[in-house]
Amino acid sequence: MTLKKQILGLSIITILMAGCGNSNKLSERKTTGSTNTNTNSNSNTNTNANSNTNANANTDNTPEVNYVIKADKPQLNTTQKEILKVHNERRSNEFTDSPLSYSLALENEAKAYADVLAKNGKQEHDPDNAKNGYGENLFAHSTDKNIRIGEAMLQWYDEEKKIYTYETNECNTSKIQLINDAQATCGHYTQVVWQETKEVGCATAVYEDVNSSYYGGSVYVCKYTKAGNVVNQKPYCTTYATDDIYTGTIPNINSKEITKKALELELVAEDRVNCTRTDNRNGSIKFAKSMKSAQLIDFDIFNGDKYTVTLNFDKVEIEKNMLKLTGKGISAEKYPIFMNIKFVGETATYYGVELEWNGHNKNDKKLSRAMKAKIYK
């Protein structure tokens, strides 16, 4: 039987294309082996909110409700544990402060897309990755119906690491002969070790299209958040750490601890080109005692541009360890304003959080701005 080998990848300097498909194909040949692809998305666009609105502190006559915000830890099966183990072993070769967690939601997304590829007989990237803020690695084999993460990782990490130069952030495909004489880029490797990526979920499906050259084999899909391979950024920085944000302590937040007082906010500004970090106090946040509304006071929405606003949120949703805030907008057009606050760590004096805000469309990650932060108790 003839086996099919296809390497579909992205060079480091062209990886910010909104969705990756056949236009990024570097080679397609029939040889002995398997195939792998990588896609990336950019979610580093500032929100367009552009007016300064100040408002009085929220009033809330609703009786106080004792909400508890929990960060759940799913019970993983053997396969899911293996996916985490293999990823985090590779990541720990480069840094130690940012292990991945497993996401059942990402696994569901990966499975849905693997089924699409299995039905259409193709190996191409999900066109919705950029919109959803997902990174993606693909691996396909024309005979193996039971692909495991270790087989894919040999190509994604072990082989591609050999041709990546950290100092220059470049991928040199001429440096080394890859297995099976395959051409590749480093996009799979850099997604695996992308330090800002926090979650992974993977799934597989068997090709069903008898006319596909992959028929008889299967496709393996891993999706990641946040997406890696942001243009001009290095995949990881070792000159500073973020374990003061990701403390290893899973927050279990009693709303009585965070309501009715202005909690100071400190944003973490990272330069992931020069690998430097600056922490800036940036306003405060106040939750109503009912946890139904909130106010972000004197917030520099671009964190450094001295554009200070007060944002009023009239809706607060609690989802696991995340608060989802919705407001009426701050510009003349009254665009809605959205902010997610994900609690990822805790000390005696502050919570480590991930902030994401968006001034137009909460479902379009390309319009979002995201940063790490501390919320002081």
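Residues numbered from 1 in each chain as written. Predicted model: local features only at pLDDT ≥ 70, side-chain atom pairs only at ≥ 80, totals over all residues. Heavy atoms only, no water.

*Asks:* Mind showing me how you'd approach the layout of surface pockets here?
*Replies:* Gaps left between atoms show up when a probe the size of a water molecule is rolled over them. The volume enclosed by the second largest pocket comes to roughly 170 Å³. Around the second largest pocket, the lining comprises 15 residues; the ones closest to its centre are T79, I147, R148, T204 and Y220. At the level of elements, α1 (78-91) and β9 (199-206) are the ones that each hand at least two residues to the lining of the second largest pocket. Counting residues per element, the lining of the second largest pocket draws most heavily on α1, at four residues. By residue class, the composition of the lining of the second largest pocket is seven nonpolar, four polar and four charged. (1 Å grid on protein atoms, 1.4 Å probe; cavity = no way out; pocket = protein on both sides within 12 Å on 5 of 7 lines; lining within 4 Å. Points joined across faces, edges and corners; volume = space filled by probe spheres on them. Helix = DSSP H or I, 4+ residues; strand = E, 2+ residues; numbered from the N terminus. Nonpolar A, V, L, I, M, F, W, Y, C, P; charged D, E, K, R; others polar.)

*Asks:* Where do I start with the packing of aromatic side chains in this structure?
*Replies:* Describing an aromatic ring pair means giving the distance of the ring centres and the angle of the ring planes. Scanning the model with the defined rule gives nine aromatic pairs in all. An angle of 20° between the planes, with centres 5.1 Å apart, marks the rings of Y207 and Y214 as stacked. The interplanar angle of 80° and the centroid separation of 5.3 Å between the aromatic rings of F299 and W357 together place this pair among those described as edge-to-face. Note that F299 is positioned in strand β14 (residues 294-300) and W357 in strand β18 (residues 350-358), a separation of 58 residues in sequence. Just as F299 is buried, W357 falls in that class too. Ring pairing ties together the aromatic residues F95, Y166 and Y236, which thus form one cluster. Between the NZ or CZ atom of K234 and the centre of the ring of Y166, over which it lies, the distance is 4.3 Å. (Phe/Tyr/Trp six-rings, centres within 6.5 Å; stacked < 30°, edge-to-face > 60°. Buried < 20%, exposed > 50% of the residue type's maximum accessible area, 1.4 Å probe, protein only. Lys NZ or Arg CZ within 6 Å of the ring centre and 35° of its normal.)

*Asks:* Is there a simple way to explain the state of the cysteines in this structure?
*Replies:* Cysteine pairs can be linked by a disulfide, which is a covalent bond between their two sulfur atoms. Tallied over the full model, the rule gives three disulfides. Paired by a disulfide, C237 and C275 hold their sulfur atoms 2.1 Å apart. Residues C237 and C275 are joined through a disulfide that is left-handed, its torsion about the S-S bond being -75°. Within this pair, whereas C237 is found in the loop between β10 (218-225) and β11 (252-254), its partner C275 is found in the loop between β12 (263-271) and β13 (276-287), the two being separated by 38 residues in sequence. Accessibility assignment for this pair places C237 and C275 in one class, buried. By sequence order of its bonded cysteines, the chain has the disulfide arrangement 1-2, 3-4, 5-6. (Disulfide = S-S within 2.5 Å.)

*Asks:* For this particular structure, what's the right way to read α1?
*Replies:* Turn by turn, an α-helix covers 3.6 residues, leaving residues three or four places apart pointing in a common direction. End to end, α1 covers 20 Å across 14 residues, agreeing with the expected 20 Å (1.5 Å per residue, within 8%). Considered for burial, the residues of α1 that qualify are Q80, I83, L84, V86, H87, N88, R90 and R91. At its buried positions, α1 is contacted by β5 (101-102), α2 (104-120), α4 (149-159), α5 (187-192), β9 and β10. Sitting at the head of α1, N77 places a side-chain oxygen 3.1 Å from the backbone nitrogen of T79. (Expected span 1.5 Å × (residues − 1). Contact = heavy atoms within 4.5 Å. Polar contact = N/O pair within 3.5 Å; in protein donor to acceptor, adjacent residues only side chain to side chain.)

*Asks:* Please clarify how the pattern of salt bridges should be interpreted in this entry.
*Replies:* Pairing between side chains becomes possible if they bear opposite charge and their charged atoms approach one another. As enumerated under the stated definition, the model contains 23 salt bridges in all. Between R277 and D244 there is a salt bridge, with the nearest N and O atoms lying 2.6 Å from each other. You can see R277 sitting in strand β13 and its partner D244 sitting in the loop between β10 and β11, a full 33 residues away along the chain. A residue is classified by how much of its surface remains accessible, and R277, at 22% relative accessible area, is partly exposed. One salt bridge in this structure joins D244 and K374, with 3.1 Å as the shortest N-O distance. Taken together, the positions of D244 in the loop between β10 and β11 and K374 in strand β19 (residues 368-376) put the pair 130 residues apart, joining distant regions of the chain. Given a relative accessible area of 9%, K374 falls into the buried group. In the salt-bridge network here, residues are joined through shared partners; they are E196, K226, E270, R272 and K372. (Salt bridge = Lys/Arg side-chain N within 4 Å of Asp/Glu carboxyl O.)

*Asks:* Help me understand the pairing of β14, please; the structure alone is not making it clear to me.
*Replies:* Residues in a regular strand project their side chains so that they alternate between the two faces of the sheet. Counting buried residues along β14, five of its seven residues qualify, which places the element largely inside the surrounding structure. Pairing between β13 and β14: four bridges, direction antiparallel. By the bridge assignment, K286 is partnered in β14 with Q295. If you look at the hairpin formed by β13 and β14, you'll find six residues sitting between the two strands, and M291 has a positive phi there, around 60°. In this sheet, strand β15 (residues 308-319) lies alongside β14 in antiparallel orientation, the contact comprising five bridges. Bridge pairing links Q295 to N312 in β15. (Pairing = 2+ DSSP bridges.)

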